[in-house]
Amino acid sequence: MKRRNFLKGLLYGTGGTMAVMGGLGTFNNLDPLKAEAASKDIATTVFSSCEMCRNQCPIAVKVKDGKVFKIEGHPNDTAFGGVICARGNAGPSLLYDPQRIKKPMIRTGERGEGKFKEVSWDEAYTYIADKLYKVKDQYGGEAIALASRKGPYDWFFRSIGKALGSPNVFSHEATCPMTRSVALDTTFGTEAIAADYGNAKYLISIGRNWFEGIHVAQTRAVSKALSNGAKLVVLDPRFSITASKGEWLPIKGATDLAFVMAMANIMIQEKLYDQDFISQYTEGFDKWAEEVKDKTPEWAEKETGISKDKIIRITREFAAAKPKAILDFGWRTAYTTNDYQLRRAIMIVNMMIGNFEVPGGYYLNKPASVLKSFPDQAGYAKGLGSIKQPSFPKVAKGRIDGTGVKGTPGQIIPAYDGAVGSIIESILTEKPYPIKAWLVHRFNPYISITGSPRIIEAFKKLDLLVTCDVYMTDTAYYSDVVLPECTYLERFEPIFDMSGLTPKYVIRQPAVPIVYPDTKPYWQIYKELGEKMGIGEYFQFKDMEDYLTQQLTPTGLTLAQMKEKGVWTPPGMKAFYVRANDAKASLDNVLANQSKKIEIFSKEVEEATKQGVPKYVSHPQPEEGKFRFVQGKVAVHTNAGTANVPILNELMPTNSLWMNTVSCTKLGLKDGDDIVISSGKYEQKGKLKMTEGIRPDTVFCYHGFGRISPDLKRAFGKGINDNYLILNEIGEVGNTVTSTTFVTVRKA
Ligand SMILES: Nc1nc2c(c(=O)[nH]1)N[C@H]1C(S)=C(S)[C@@H](COP(=O)(O)OP(=O)(O)OC[C@H]3O[C@@H](n4cnc5c(=O)[nH]c(N)nc54)[C@H](O)[C@@H]3O)O[C@H]1N2
Ligand SMILES: Nc1nc2c(c(=O)[nH]1)N[C@H]1C(S)=C(S)[C@@H](COP(=O)(O)OP(=O)(O)OC[C@H]3O[C@@H](n4cnc5c(=O)[nH]c(N)nc54)[C@H](O)[C@@H]3O)O[C@H]1N2
Ligand code: SF4
Ligand SMILES: [Mo]
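Everything numeric here is computed off the predicted structure, so don't read it as measured data. (Residues numbered from 1 in each chain as written. Chains lettered and ligands numbered in written order. Predicted model: local features only at pLDDT ≥ 70, side-chain atom pairs only at ≥ 80, totals over all residues. Heavy atoms only, no water.)

**Q** Looking at this model, I keep getting lost on the overall build of the chain. Mind explaining?
**A** Per the secondary structure count, the chain includes 26 helices and 27 strands. A globule of 748 residues ought to have a C-alpha radius of gyration of about 27 Å, and the chain, at 25 Å, matches this closely. Along the longest, intermediate and shortest principal axes, the C-alpha atoms of the chain span 70 × 70 × 60 Å. Here the chain holds 748 residues, and 63% of them are scored as buried. Partitioning the contacts of the chain with sequence separation of at least 6, the portion at a separation of at least 24 is 74%. (Helix = DSSP H or I, 4+ residues; strand = E, 2+ residues; numbered from the N terminus. Rg over C-alpha atoms; globule rule 2.2 N^0.38 Å. Buried < 20%, exposed > 50% of the residue type's maximum accessible area, 1.4 Å probe, protein only. Contact = heavy atoms within 4.5 Å.)

Printed below as a string of C-alpha cells:
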C-alpha cells in the first residue's frame with residue numbers, strides 16, 4: 001500500500017476495519033455531515049478531558065444551546081494532535097443516554113433478582129453508613145474491601161475505607177498492567193517509564209495492539225514511526241489490526257518468554273549488545289547470560305513455533321537499529337502466571353541495546369517532582385499541591401492478599417494496587433479472614449475479573465455490596481445500593497498530572513450542567529457519605545473549585561488559567577532525554593533503586609520469587625480438539641464500559657469467537673454458526689467467526705460482552721463473556737491470568 005493510503009486507512013479504517021480514530025459523528029443517526037454543519041455556529045468550546053476510557057485525552061467540547069453536540073481533540077496538544085478516537089467521539093451518546101442510572105437505588109428483592117426501589121441520597125447514605133458500621137463492629141474495619149479502576153477518584157473513594165480502618169483497598173491493576181509495573185519497579189526502582197515510539201526505527205510488539213488497544217498519543221506516535229519508515233514486527237497468535245501493519249508472527253500463546261530469551265542468547269553469541277551500557281548502568285548481567293546460554297534459536301523455535309531463521313533475522317535487525325529500537329513492554333500484561341518474568345526479560349533485552357533515556361527508546365516520565373533533581377531543568381518544575389488530610393486510624397490486620405509496604409523483604413506487589421482477585425477468594429473461602437462488605441467504584445468485577453460464576457457466588461455471600469457507576473452494570477445489578485454518578489462531561493475533577501517527556505497538567509471541568517438532576521459527581525458523593533458517617537474531617541475542601549485551587553496554588557497557576565487553556569506544559573521547555581547528547585551521562589536521578597543500577601539480577605525478586613533473573617517456564621499447549629482462548633480490545637469499545645453506549649452499541653452490538661478456517665472445517669463448523677464454548681466447567685453461547693487470521697490451535701474474542709444486567713437494554717444477553725469461561729488463577733504478582741485457559745467448541 002502507498003504510504004499515504006496506508007495512513008488514511010489507519011485513521012479512517014480500511015475496508016472491513018472499523019474506524020480507529022476521528023471521523024465519527026456524535027448524533028444518534030451517525031451523520032458526520034450534520035455534526036459538521038452544526039459546528040459552523042458554535043456557541044462555546046469547553047476544554048476538558050475524555051473519560052470514555054481512562055486515558056483522559058485532552059478534549060475540546062463543543063456546546064450549543066446548553067447541549068454538547070460534538071467533541072474534538074484539544075487543538076493545542078501536540079502529542080494528541082487534536083484528535084480523539086471513536087469512543088471519545090461517542091461521549092455525547094453516553095451523556096444523553098436515557099438508560100443511564102438516574103437515581104440512587106436500594107435492593108428490595110433477592111440478590112440478582114433486579115428489584116430495587118428509588119431512594120433519596122440521604123436514604124442511600126444512611127443505609128450504607130448503618131451497614132458499614134455493623135460490619136466494622138462485628139468483623140473489624142478489615143472486613144470492608146474497596147475496589148475501583150485506578151484513577152482520580154481514588155483519593156475520595158479510598159478515604160472512606162481508610163477512615164474505617166480497612167487495609168483492603170484495591171485498584172484494577174492486577175487485571176491490566178500489574179506484571180509490567182512490578183517488572184519496571186523491581187528493575188529500575190520506578191514504574192514511571194514510557195516508550196518513545198515516535199522516534200523509533202524498529203518496533204517489536206508482544207501482543208501490544210496499538211491500533212485496537214488505543215491510546216491516542218501512543219497510537220499516533222507508532223503511526224508516525226511507521227510513516228517515517230520504521231519496521232514493525234508483531235507477535236500475536238491472532239492477526240490483530242496492529243499485526244496487519246507489520247510482519248505478523250503467529251506465536252504459540254504463552255511462549256513469548258522463549259522468543260525474548262532467544263533474542264538475548266543471539267545477541268550475546270553474536271556480540272550485538274551494548275557492552276558499555278551494560279557495564280556502566282546495570283548489575284547482574286552475568287547471571288542473565290548464564291540463564292540464556294542454552295536458550296538457542298533452535299530451542300525457541302520448538303517452543304514458539306516461529307522458525308529459528310526468523311528469530312535470528314529479527315534479533316539482528318533489532319540490534320542493528322540500536323538504540324532506536326523498542327521491544328515493547330506491553331500494556332494489558334496478564335497472559336500467564338509468570339507474565340511478570342516475561343516483562344522483566346523484555347526490559348533486560350531492551351537494556352542490552354542501551355535504549356534508555358535516548359530518543360526512540362525508553363525514558364523516565366518527567367513530572368515536576370523529577371525535574372527538580374536536574375539542575376538544568378529545575379526552573380520548569382512546578383509541582384501540584386495536595387489536600388490536607390488527618391492521618392488515618394491504624395489498621396488492625398494485614399491485607400487479605402498479603403501485600404505489604406514496598407521494601408519489605410519478599411514483598412514486591414504494590415500495596416496501593418493489590419491483587420484485586422483476592423477479594424473474591426476471601427469472601428468465598430474466608431481466608432485469611434472474610435470480607436463482608438465491598439464498595440465498588442467505576443469498576444465491573446463481574447466482567448473484568450476472571451471467573452465470573454465465582455464472582456456471583458461471592459456477591460451473594462456479602463452483607464453489603466455498593467456500586468457507583470453511570471449504568472446499571474452487572475455488578476450493580478447484584479448490589480444492595482447503587483449510586484448514580486453524573487458523567488465526566490458534567491463534573492470537575494482534580495488536576496491530572498500527565499507528565500511524559502515534559503510535565504503536563506490537564507483539567508476536567510463540566511461542559512454542561514448535570515443532565516439528570518439526581519446524579520452527582522464522585523467527589524460530592526464520598527464527601528457527603530463521609531460527613532454522614534462522622535468522618536467528614538478527611539474531606540477538607542468546600543467544593544471542587546476549592547480543591548483544584550489548593551492543588552494549583554504551589555504551581556503559581558490559577559484555576560482560571562487552567563479552565564481557559566485546558567492543558568498546561570512549561571512554556572519553552574523541550575522534551576529531554578538524559579543520555580541524548582552524552583551516552584555516558586549519569587542515571588542517578590532516574591533510577592530509584594537503592595543500588596542506582598538497572599537490576600538485571602534483583603535480590604528482592606530472588607527472595608520473593610526465587611528468580612533473581614527471569615527463568616523459563618514452559619506452559620502446557622492445547623491438545624488436539626482443544627483451543628487456547630485469548631482476548632483483546634476492539635477500537636470502538638472500552639473494556640467493560642461501553643457495550644451499552646448507544647452509538648458504540650450500534651457500531652458493534654456483540655462479539656463472536658474467532659476460529660481458524662482449518663479448525664472450523666475439522667469440526668464441521670462454518671462462519672456464523674451458533675456455538676457453545678466450554679472450558680470444562682463453564683459454558684458460553686456465541687457465534688462463530690471463521691478466519692485465516694488466527695492460529696489453528698487458538699480461539700479469540702473481543703472482551704466486554706455477554707452482559708447479564710437486563711437494565712443494559714441494548715447489550716443484555718449479547719455475545720460471549722470471556723471471563724465466564726476463564727478458570728481463575730492468580731499469577732506471581734497477584735495478576736489475573738487470561739491466556740492459559742483451554743476450551744472446546746461445538747455447534748449449539
Ligand atoms: N479501543 C480501545 N482502546 C483501549 C481499550 C479498549 O478497551 N478499547 N482499553 C485500554 C486498556 S485498559 C488497555 S490495558 C489497553 C490494552 O492494550 P493492549 O494490551 O495492546 O490490548 P489487548 O487488545 O488487550 O492486547 C491483547 C493482544 O494480545 C494477544 N495475546 C493474547 N495472549 C497472548 C500471548 O500469550 N502472547 C502474545 N504475544 N499475544 C497474546 C491477543 O490476541 C490480543 O491481540 O488498551 C487501552 N485502550
Ligand atoms: N478476560 C479478560 N479480562 C479482562 C480484560 C481482557 O482483555 N480479558 N481486560 C482487562 C483490562 S486491561 C482492564 S483495564 C479491566 C477493566 O475493567 P473495568 O475497570 O471494570 O472496565 P472499564 O471499562 O474501565 O469500566 C468500568 C466501569 O466504569 C463505568 N464508568 C464509566 N464512566 C464512569 C463514571 O464517570 N463514573 C463512574 N462511577 N463509573 C463510570 C462503566 O460504566 C463501567 O461499568 O478489565 C480487565 N479484564
Ligand atoms: S483514547 Fe479515546 S476514549 Fe480513551 S480517553 Fe482518549 S479519546 Fe477518550
Ligand atoms: Mo487495561
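**Q** So what exactly am I meant to see when it comes to the packing of aromatic side chains here?
**A** Summed over the entire model, instances satisfying the criterion amount to 31 aromatic pairs. Where Tyr-505 meets Trp-568, the ring centres are 5.7 Å apart and the plane angle is 20 degrees; that geometry is what we call stacked. Here Trp-568 lies in strand S20 (residues 567-568) and Tyr-505 lies in strand S19 (residues 505-508), a separation of 63 residues in the sequence. A centroid spacing of 6.0 Å and a plane angle of 85 degrees characterise the contact between Trp-658 and Tyr-702, whose relative ring orientation is edge-to-face. Remark: Tyr-702 occurs in strand S26 (residues 698-702) and Trp-658 occurs in strand S23 (residues 657-660); sequence separation between them is 44 residues. Tyr-702 shares its class with Trp-658; the two are buried. (Phe/Tyr/Trp six-rings, centres within 6.5 Å; stacked < 30°, edge-to-face > 60°.)

**Q** For this particular structure, what's the right way to read the nonpolar core?
**A** For soluble globular proteins, nonpolar side chains are generally found buried alongside one another. The biggest cluster of nonpolar side chains holds 131 residues, and the ones touching the most others in it are Trp-288, Phe-318, Val-349, Phe-356 and Tyr-526. Taken domain by domain, the makeup of this core includes at least three residues from each of domain 2 (105-176 + 384-495 + 515-556) and domain 3 (192-366 + 595-609). Once residues within four sequence positions are removed from consideration, Tyr-526 is found in contact with Phe-156, Phe-157, Ile-160, His-441, Cys-468 and Phe-539. (Core = buried A, V, L, I, M, F, W, Y, C linked by side-chain atoms within 4.5 Å. Domains from an automatic or database assignment.)

**Q** It is not clear to me how the site of ligand 3 should be interpreted in this structure. Could you clarify?
**A** The local shell around ligand 3 consists of Cys-50, Met-52, Cys-53, Asn-55, Gln-56, Cys-57, Ile-84, Cys-85, Arg-87, Gly-88 and Val-216. The class makeup of the residues in the shell around ligand 3 is seven nonpolar, three polar and one charged. (Near = heavy atom within 4 Å. Nonpolar A, V, L, I, M, F, W, Y, C, P; charged D, E, K, R; others polar.)

**Q** It is not clear to me how the domain arrangement of the chain should be interpreted in this structure. Could you clarify?
**A** A common way to report how large an interface is uses the accessible area buried once the components associate. Along its sequence, the chain is carved into domain 1 (3-95), domain 2 (105-176 + 384-495 + 515-556), domain 3 (192-366 + 595-609) and domain 4 (627-747). Taken together, the contacts link 26 residues of domain 2 with 30 residues of domain 4. Both sides of the domain 2 and domain 4 interface together cover about 2,200 Å² of buried area, and 59% of this is carbon and sulfur. The three residues of domain 2 that bury the most area against domain 4 are Ile-447, Thr-450 and Tyr-471, which together make up 30% of that side's buried surface. Along the contact surface separating domain 2 from domain 4 lie one salt bridge. Of the charged contacts, one joins Arg-707 and Asp-474 as a salt bridge, the two residues approaching to 2.9 Å between their closest N and O atoms. At the surface where domain 2 touches domain 4, the tally comes to 14 residue pairs in polar contact (both at pLDDT 80 or more). Mapped by element, the contributors of at least two residues to the side of domain 2 that touches domain 4 are helix H16 (422-429), helix H17 (445-448), helix H18 (452-461) and helix H19 (474-477). Residue contributions to the side of domain 2 that touches domain 4 peak at four residues, all from H18. Of the residues assigned to the side of domain 2 that touches domain 4, the class counts are 13 nonpolar, nine polar and four charged. (Buried area = accessible area lost by both parts, 1.4 Å probe. Salt bridge = Lys/Arg side-chain N within 4 Å of Asp/Glu carboxyl O. Polar contact = N/O pair within 3.5 Å; in protein donor to acceptor, adjacent residues only side chain to side chain.)

**Q** Help me understand the sheet that holds strand S25 (residues 683-691), please; the structure alone is not making it clear to me.
**A** What links the strands of a sheet is backbone hydrogen bonding, and the strands pair in either a parallel or an antiparallel sense. The mixed closed barrel is built from six strands, whose spatial order is S22-S26-S23-S25-S24-S27. Neighbour-to-neighbour, the strand axes of the sheet open up by a mean angle of 45 degrees, direction not taken into account. Judged from the two bridges that link them, strand S22 (residues 627-632) and strand S27 (residues 742-747) form a sheet pairing that is antiparallel. Across the sheet, Arg-628 pairs through a bridge with Phe-742, a residue of S27. (Pairing = 2+ DSSP bridges. Axes fitted to C-alpha atoms, helices over the stretch in contact; angles between N-to-C directions.)

**Q** Just to check I follow, could you spell out H16 for this structure?
**A** Every α-helical turn comprises 3.6 residues, leaving residues that sit three or four positions apart pointing alike. The buried fraction of H16 amounts to seven of the eight residues, a majority that puts the element mostly inside the structure. Three or more residues of H16 are buried, namely Ser-422, Ile-423, Ile-424, Glu-425, Ser-426, Ile-427 and Leu-428. Considering only its buried residues, H16 is in contact with strand S6 (144-148), strand S7 (169-171), strand S15 (437-441) and H18. Glu-430 sits one or two positions beyond H16 and adopts a positive phi of about 60 degrees.

**Q** Looking at this structure, how should I read the side chain of Ser-663?
**A** With respect to the helices and strands, the residue Ser-663 is situated in helix H25 (residues 661-667). There is a polar contact of 2.8 Å between the side chain of Ser-663 and the backbone oxygen of Pro-696. Each residue touching Ser-663, except ones within four places of it in the same chain, is listed here: Phe-627 and Pro-696.

**Q** I keep staring at the site of ligand 1 and nothing clicks. Help me out?
**A** Around ligand 1 lies a shell of 32 residues, among which Arg-208, Asn-209, Asp-236, Lys-633 and His-637 are the nearest. Contact between ligand 1 and Lys-633: an oxygen atom at 2.7 Å from a main-chain N or O atom of the residue. Element by element, the count of residues in the shell around ligand 1 is highest for S22, at three residues. The class makeup of the residues in the shell around ligand 1 is 13 nonpolar, ten polar and nine charged. Both domains that meet at the shell around ligand 1, namely domain 3 (192-366 + 595-609) and domain 4 (627-747), each give it at least three residues.

**Q** I keep staring at the pairing of strand S3 (residues 67-73) and nothing clicks. Help me out?
**A** A regular strand places its side chains so that they alternate between the two faces of the sheet. Buried residues dominate S3, accounting for five of its seven residues. By the bridge criterion, six bridges tie strand S2 (residues 58-64) to S3 in an arrangement that is antiparallel. In the strand pairing of S3, Val-63 is matched with Val-68. Adjacent in sequence and paired antiparallel, S2 and S3 are bridged by two residues, among which Asp-65 carries a positive phi angle near 50 degrees.

**Q** How should I be thinking about the sheet that holds S15 in this particular structure?
**A** The seven strands are arranged S5-S4-S17-S16-S15-S6-S7 in an open sheet whose pairing can be described as mixed. The sheet terminates laterally at strand S5 (116-118) and S7, the two strands that pair on one side only. Between one strand axis and the next, the sheet turns through 15 degrees on average, direction left out of account. In the sheet, strand S4 (residues 105-107) pairs with S5 via three bridges, with the strands oriented antiparallel. Pairing of Arg-107 across the sheet is with Phe-116, part of S5.

**Q** Got a minute to help me understand helix H9 (residues 256-269) in this structure?
**A** For H9, spanning 14 residues, the distance from its first C-alpha to its last is 20 Å, which sits close to the expected 20 Å at 1.5 Å a residue. Buried residues dominate H9, accounting for twelve of its 14 residues. For H9, the complete set of buried residues consists of Asp-256, Leu-257, Ala-258, Phe-259, Val-260, Met-261, Ala-262, Met-263, Ala-264, Asn-265, Ile-266 and Met-267. In the segment just after H9, Lys-271 is the residue with positive phi, at about 50 degrees. (Expected span 1.5 Å × (residues − 1).)

**Q** Whenever I open this one, the environment of Tyr-446 confuses me. Can you help?
**A** With respect to the helices, strands and loops of the structure, Tyr-446 is situated in helix H17. For Tyr-446, a relative accessible area of 3% gives the class buried.

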